[in-house]
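# Structural characterization, general
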Amino acid sequence: MKAEQSTAKIIDGKAVARAMRDKQRARVEALMAKGVTPGLAVVLVGDNPASALYVSNKVKACEAVGIKSISHRHPATITNEELLVLIGKLNADPNVHGILVQLPLPPHIDMAKVLETIAPEKDVDGFHLYNVGALVVGRQIFPPCTPYGVMNLLEHENIPIEGRNVVVVGASNIVGKPMALMLMARDATVAICHAKTRDLAQFTILADILVVAAGVPKLILPQMVKTGAVVIDVGINRLPNGKVVGDVDFEGVSKKASYITPVPGGVGPMTIAMLLENTIQSAERTAEGH
Ligand code: NAP
């Protein structure tokens, strides 16, 4: 019973992201000394307030490390063709090293086509088929920012991955699937669960590392978690009372896990840190003439 009472170490994503930012600032300065200012083009379509907030946070984070961010805001009435022309121009602009199209896009826009039009070498969100394919064969060109952030948190805490049982709850293209591929590339044994999984707990209870990205508050309860497991909560849910929570019953599970990420302040800050990382990496590749 003693282990049940132990309190998990809380992984402070804000602090890890802050430490990364200091190193990123130095890398940007080194690039600028070579005459290259990293540039990130951020495309926002429509007036979704959550998207506008995400974009403004990304722009601020860029400024904090010296990346030049160029915002392209367009009304929801923009046509598919107009958006593709804009992306074509950004692809050809040598001052742009990364292109980010904030999702979701209005329903009349062909999202898949938009993502495929972004030049793979500027696809800092890692959603282009080329980058997704690289992940499938165990390579990382631009890993998608949220799972990349999770990998960095695990590394920061020196959590072993090889040979561990990992369960990923959530199978979306932007979080769950790439997360599973990145963990497989590190020789974990990975199970992926989703909304049609029967008896979720029979999988989660086996996990040495449990990554949850479903968007369902309190989906993961203490009795579903193995004592001593590492629990990474990617979920971001706003409750009717305005409180933001993850997918994990933090209070209960933190008494059973060995490590846990809080929401907010866990994976969220890392997602933006990894976007900066990918943008700087792209500029470094340009500076090296790749
Ligand atoms: P999504 O596209 O809605 O995908 C959710 C996934 O969870 C789907 O695969 C779905 O299964 C599965 N799921 C839903 N209900 C489930 C249940 N009851 N049991 C098991 N699996 C269930 O969402 P997403 O974009 O991946 O995001 C997931 C969560 O992470 C959201 O809360 C989002 O806000 C958050 N998020 C956070 C960050 C960050 O920076 N921290 C970044 C991105 C997303 P099916 O495939 O069967 O439908």
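Please refer to the structure placed before this passage.
The present account deals with the structure reproduced in this document. (Residues numbered from 1 in each chain as written. Predicted model: local features only at pLDDT ≥ 70, side-chain atom pairs only at ≥ 80, totals over all residues. Heavy atoms only, no water.)

Tallied over the entire structure, the rule returns 0 aromatic pairs. Across the ring face of Phe 142, the terminal group of Arg 285 is positioned such that the distance to the ring centre comes to 4.7 Å. (Phe/Tyr/Trp six-rings, centres within 6.5 Å; stacked < 30°, edge-to-face > 60°. Lys NZ or Arg CZ within 6 Å of the ring centre and 35° of its normal.)

The next point concerns unusual backbone geometry. Omega for the peptide link from Leu 103 to Pro 104 comes to 0°, which places this bond in the cis form. Its place among the elements puts Pro 104 in the loop between β4 (98-101) and α5 (111-117). Cis peptide bonds are those with omega within 30 degrees of zero, and the linkage from Val 263 to Pro 264 qualifies with 0°. Summarising the element assignment, Pro 264 is placed in the loop between β11 (259-260) and α11 (267-287). At Asp 187, a residue that is not glycine, the phi angle is positive and equals roughly 65°. (Helix = DSSP H or I, 4+ residues; strand = E, 2+ residues; numbered from the N terminus.)

All right, on to the sheet that holds strand β7 (residues 209-212) then. Taken together, 6 strands build an open sheet; the order of strands is β1-β11-β8-β7-β5-β6 and the sheet is parallel. Taken across any chain shown, the strands that pair with only one partner, and hence form the sheet edges, are β1 (9-10) and β6 (189-193). When β1 meets β11, the two strands line up parallel, connected through 2 bridges. Each bridged residue has a counterpart across the sheet, and for Ile 10 the counterpart in β11 is Ile 260. Each of β5 (165-169), β6 and β7 touches helix α8 (residues 176-184); the most contacted strand, β5, lies at about 170° to it. (Pairing = 2+ DSSP bridges. Contact = heavy atoms within 4.5 Å. Axes fitted to C-alpha atoms, helices over the stretch in contact; angles between N-to-C directions.)

We now examine the nonpolar core. Grouped together as the largest cluster of nonpolar side chains are 52 residues, with contacts concentrated most on Leu 154, Leu 183 and Ile 232. No other element matches the 8 residues that α11 contributes to this core. Beyond its immediate sequence surroundings of up to four residues, Leu 183 is in contact with Met 151, Leu 154, Ile 161, Val 166, Val 168, Ala 188, Val 190 and Val 211. In terms of nonpolar packing, the next biggest core, distinct from the first, is built from 18 residues, Leu 86, Leu 90, Leu 115 and Ile 118 among them. (Core = buried A, V, L, I, M, F, W, Y, C linked by side-chain atoms within 4.5 Å. Buried < 20%, exposed > 50% of the residue type's maximum accessible area, 1.4 Å probe, protein only.)

Another aspect to go through is helix α2 (residues 13-33). The terminal C-alpha atoms of α2, which comprises 21 residues, lie 30 Å apart, in line with the 30 Å expected from a rise of 1.5 Å per residue. Residues of α2 that are buried include every one of Gly 13, Val 16, Ala 17, Met 20, Gln 24, Val 28 and Leu 31, and no others. Looking down the long axis of α2, one finds its buried residues gathered within 105° of arc, a one-sided arrangement. For α2, exposure combined with an orientation more than 90 degrees from the buried face picks out Lys 23, Glu 29 and Ala 33. If you check the start of α2, you find a side-chain oxygen 3.2 Å away from the backbone N of Lys 14, and it comes from Asp 12. Backbone geometry just after α2 places Gly 35 at a positive phi near 85°. (Expected span 1.5 Å × (residues − 1). Arc of directions from axis to C-beta. Polar contact = N/O pair within 3.5 Å; in protein donor to acceptor, adjacent residues only side chain to side chain.)

The next point concerns the side chain of His 72. Counting through the fold element by element, His 72 comes out in strand β3 (residues 68-74). Leaving out residues up to four positions away in the same chain, His 72 has contacts with Ala 41, Val 42, Val 43, Leu 44, Leu 86 and Leu 90.

Among the residues of α8, Gly 176, Pro 178, Met 179, Ala 180, Met 182 and Leu 183 are the ones counted as buried. Packing partners of the buried residues in α8 comprise α6 (129-136), α7 (145-156), β5, β6 and β7.

The subject of this paragraph is the pairing of strand β2 (residues 39-45). With 7 of 7 residues buried, β2 is to be regarded as a mostly interior element. Of the two faces of β2, the one carrying Gly 39, Ala 41, Val 43 and Val 45 and the one carrying Leu 40, Val 42 and Leu 44 are both buried. As defined by bridge partners, β2 adjoins β3 across 7 bridges and the pair is classed as parallel. Following the sheet pairing, Ala 41 is matched in β3 by Ile 70. As for the winding sense of the linkage, the β-α-β connection from β2 through helix α3 (residues 49-65) to β3 is right-handed. Bridge count between β2 and β4: 4 bridges; the pairing is parallel. Looking at the pairing, Val 42 lines up with Leu 100 of β4. (Right-handed = clockwise from strand over helix to strand, strands pointing away.)

A separate point is the site of the ligand. For the ligand, the set of nearby residues contains 22 residues, the closest of which are Ala 171, Ser 172, Ala 195, Ile 236 and Thr 271. Within the backbone of Ala 195, an N or O atom sits 3.0 Å from an oxygen atom of the ligand. Between the ligand and Thr 271, the relevant distance is 2.7 Å, taken from an oxygen atom to a side-chain nitrogen or oxygen of the residue. Relative to its unbound accessible surface of 920 Å², the ligand loses 69% to contact with the protein. Sort the elements by how many residues they give to the shell around the ligand and α11 lands first, with 3 residues. Residue classes in the shell around the ligand are distributed as 12 nonpolar, 9 polar and 1 charged. (Near = heavy atom within 4 Å. Areas by Shrake-Rupley, 256 points an atom, 1.4 Å probe, with all protein chains shown as cover. Nonpolar A, V, L, I, M, F, W, Y, C, P; charged D, E, K, R; others polar.)

Geometric descriptors of this kind do not, in isolation, establish any biological role.
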